[in-house]
Amino acid sequence: MPTVKLGISLSIDYAHSLPGHGKCSMLHGHTAKVTVVVRGSIPMDGKECGNYMLIDFIELRDRVKNILMELDHRNLNELFICPTAEVLAYWIYRKLREVLPSNIEIVSIRVQEGDSGWAEYEGE
Ligand SMILES: [Zn+2]
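First, a word on scope: everything that follows refers to the structure included in this document. (Residues numbered from 1 in each chain as written. Predicted model: local features only at pLDDT ≥ 70, side-chain atom pairs only at ≥ 80, totals over all residues.)

## Overview of the overall build of the protein chain
Part 1: Each helix and strand in the protein chain was counted, giving two helices and five strands.
Part 2: In the protein chain, the succession of helices and strands from N to C terminus is β-β-α-β-α-β-β.
Part 3: The C-alpha extent of the protein chain, read off along each of the three principal axes, is 55 × 25 × 25 Å.
Part 4: Looking at the protein chain residue by residue over its 124 residues, the buried ones come to 19%.
Part 5: In the protein chain, once contacts between residues fewer than 6 apart in sequence are set aside, the share between residues at least 24 apart is 63%. (Helix = DSSP H or I, 4+ residues; strand = E, 2+ residues; numbered from the N terminus. Buried ≥ 20, exposed ≤ 12 C-beta atoms within 10 Å, placed from the backbone. Contact = placed C-beta atoms within 7 Å.)

Following this line, the structure appears as structure tokens:
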């Protein structure tokens, strides 16, 4: 069966501070873009439309959105010891793994803070 990758991107807003890291130690905010890429095999034949789709974009988006709602418009220092982009990518990966069908592999979770920097987690 052919293997395909697909991805979605969503944005969240949050506040955080990173103690001991210069100006980042002061409370500030980001609009972060979260990009999820998944992979899986699909039959790519037959009469069912589902045979040509790994997961409906809307369904994937809804599952990711449910996870991101826990972070959106929050002060992330209330949730994590040090809420870096790395921590968020890892945390989102673990949460998403729990709610995806087993035939869908997570390729990567990328958290981009603003225009210049991002962190990505690809699993172990
Ligand atoms: Zn920051």
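## Comments concerning the pairing of strand β4 (residues 105–113)
Part 1: By the bridge criterion, eight bridges tie strand β2 (residues 28–41) to β4 in an arrangement that is antiparallel. Paired with Arg-39 across the two strands is Glu-105, which belongs to β4.
Part 2: In the sheet, β4 pairs with strand β5 (residues 117–121) via five bridges, with the strands oriented antiparallel. Bridging from a neighbouring strand, Gln-112 pairs with Trp-118 of β5.
Part 3: Between β4 and β5, which pair antiparallel in sequence order, lie three residues; one of them, Gly-114, sits at a positive phi of approximately 70°. (Pairing = 2+ DSSP bridges.)

## Points about the environment of Lys-65
Part 1: As for its placement among the helices and strands, Lys-65 is situated in helix α1 (residues 57–68).
Part 2: Assessed through the 14 C-beta atoms surrounding it within 10 Å, Lys-65 is described here as partly exposed.
Part 3: Along the sequence, Lys-65 and Met-44 sit 21 residues apart, while their C-alpha atoms lie 28 Å from each other.

## A word on unusual backbone geometry
Part 1: The phi dihedral of Met-44 is positive, around 60°, even though this residue is not glycine.
Part 2: Along the polypeptide, Met-44 turns up in the loop between β2 and α1.
Part 3: With 11 C-beta atoms counted inside 10 Å, the residue Met-44 sits in the exposed group.
Part 4: Despite not being glycine, His-73 shows a phi value in the positive range, around 55°.
Part 5: Within the secondary structure, His-73 sits in the loop between α1 and β3 (74–75).

## Section: helix α2 (residues 85–99)
For an α-helix the count is 3.6 residues per turn, leaving residues at separations of three or four pointing the same way.
Part 1: Helix length check: α2, at 15 residues, gives a terminal C-alpha distance of 21 Å against a target of 21 Å (1.5 Å per residue), a fit within 8%.
Part 2: Buried within α2 are the following residues: Ala-85, Leu-88, Ala-89, Trp-91, Ile-92 and Leu-96. Looking down the long axis of α2, one finds its buried residues gathered within 170° of arc, a one-sided arrangement.
Part 3: On its buried face, α2 sits against β2, α1, β4 and β5. (Expected span 1.5 Å × (residues − 1). Arc of directions from axis to C-beta.)

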